[in-house]
Amino acid sequence: MEWTVETCVFALVVAIALLWLVFSAARSEKPTSQIVAADLQGDDADVAHTLDYHAVGDGVVAVTHRGLSLATGDTVNVIITITGTLMTIAEKRGLMAPAGAVSVPSRASWTVNFVTCHPHTVRFESDITGEWSVTTFTPTEGAHVTTALKL
């Protein structure tokens, strides 16, 4: 095959069209966000710092962050953003307990709604502890994944 100017121009146009299709499809999905108040409970003092994902069904995923140290009266809010198959979870401190309050081992739990049954890359960042994790999770009913948190 001989590479003429016309062949090169045609190949370039096809390559540009393919790149446009690939990158425009990735941007076309609109992100959905949820702000959720976490349910706080007491926990064991020497528990590992982990994040548990459990698919409940009907697009609902229950998430538990273990290994927190919170004062009685503290609150935790979670901001969840889903864009296609990327889920970002940002954990932030809500109300703070008065000065001098005693910290106790705690765990925070919340649910994520409207999750499709496709493999998701989940990125978690905690402003409270500075910990983070990245994992892949397919939320089919009964699926469960535990990830260790990193500093």
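It should be noted that the structure appears before, not after, this text.
One structure accompanies this document, and this report is about it. (Residues numbered from 1 in each chain as written. Predicted model: local features only at pLDDT ≥ 70, side-chain atom pairs only at ≥ 80, totals over all residues. Heavy atoms only, no water.)

**Overview of the sheet that holds strand β3 (residues 50-57)**
- Across the sheet, five strands lie side by side as β2-β7-β4-β3-β10; this open sheet has antiparallel pairing. Unpaired on one side and paired on the other, β2 (39-42) and β10 (144-148) mark the two borders of the sheet. Strand-to-strand twist in this sheet, taken as the mean axis angle between neighbours without regard to direction, amounts to 25°.
- Relative to strand β4 (residues 60-71), β3 runs antiparallel, the two sharing seven bridges. Note that in β4 the partner of Ala55 across the bridge is Val61. (Pairing = 2+ DSSP bridges. Helix = DSSP H or I, 4+ residues; strand = E, 2+ residues; numbered from the N terminus. Axes fitted to C-alpha atoms, helices over the stretch in contact; angles between N-to-C directions.)

**Focus: the packing of aromatic side chains**
- The tally for this structure, following the rule as stated, stands at two aromatic pairs.
- Taking the centre distance of 6.4 Å and the plane angle of 15° together, the rings of Trp110 and Phe124 count as stacked. Here the residue Trp110 occupies a position in strand β7 (residues 103-112), and Phe124 occupies one in strand β8 (residues 120-126), the gap between them amounting to 14 residues. A single burial state applies to Trp110 and to Phe124, both of which are buried.
- Positioned over the ring face of Trp132 is Lys150, at 5.3 Å from the centre of the ring. (Phe/Tyr/Trp six-rings, centres within 6.5 Å; stacked < 30°, edge-to-face > 60°. Buried < 20%, exposed > 50% of the residue type's maximum accessible area, 1.4 Å probe, protein only. Lys NZ or Arg CZ within 6 Å of the ring centre and 35° of its normal.)

**Remarks on the sheet that holds β8**
- Pairing is mixed across the open sheet formed by five strands, whose spatial order is β1-β5-β6-β8-β9. Sheet topology places β1 (32-37) and β9 (132-137) at the edges, where each strand pairs with a single neighbour. Neighbour-to-neighbour, the strand axes of this sheet turn through a mean angle of 15°, independent of strand direction.
- As defined by bridge partners, β1 adjoins strand β5 (residues 76-83) across six bridges and the pair is classed as antiparallel. The residue bridging Ala37 from the neighbouring strand is Asn77, located in β5.

**Some remarks on the nonpolar core**
- Ranked by size, the top nonpolar core spans 25 residues in total, and within it Tyr53, Ile80, Met87, Ile89, Trp110 and Val112 carry the most contacts.
- For this core, the elements supplying multiple residues, two or more each, are β3, β4, β5, β6 (86-93), β7 and β8.
- If we skip the residues at most four places from it in the chain, Met87 touches Ile80, Thr81, Ile82, Val112, Val115, His120, Thr121, Val122 and Arg123. (Core = buried A, V, L, I, M, F, W, Y, C linked by side-chain atoms within 4.5 Å. Contact = heavy atoms within 4.5 Å.)

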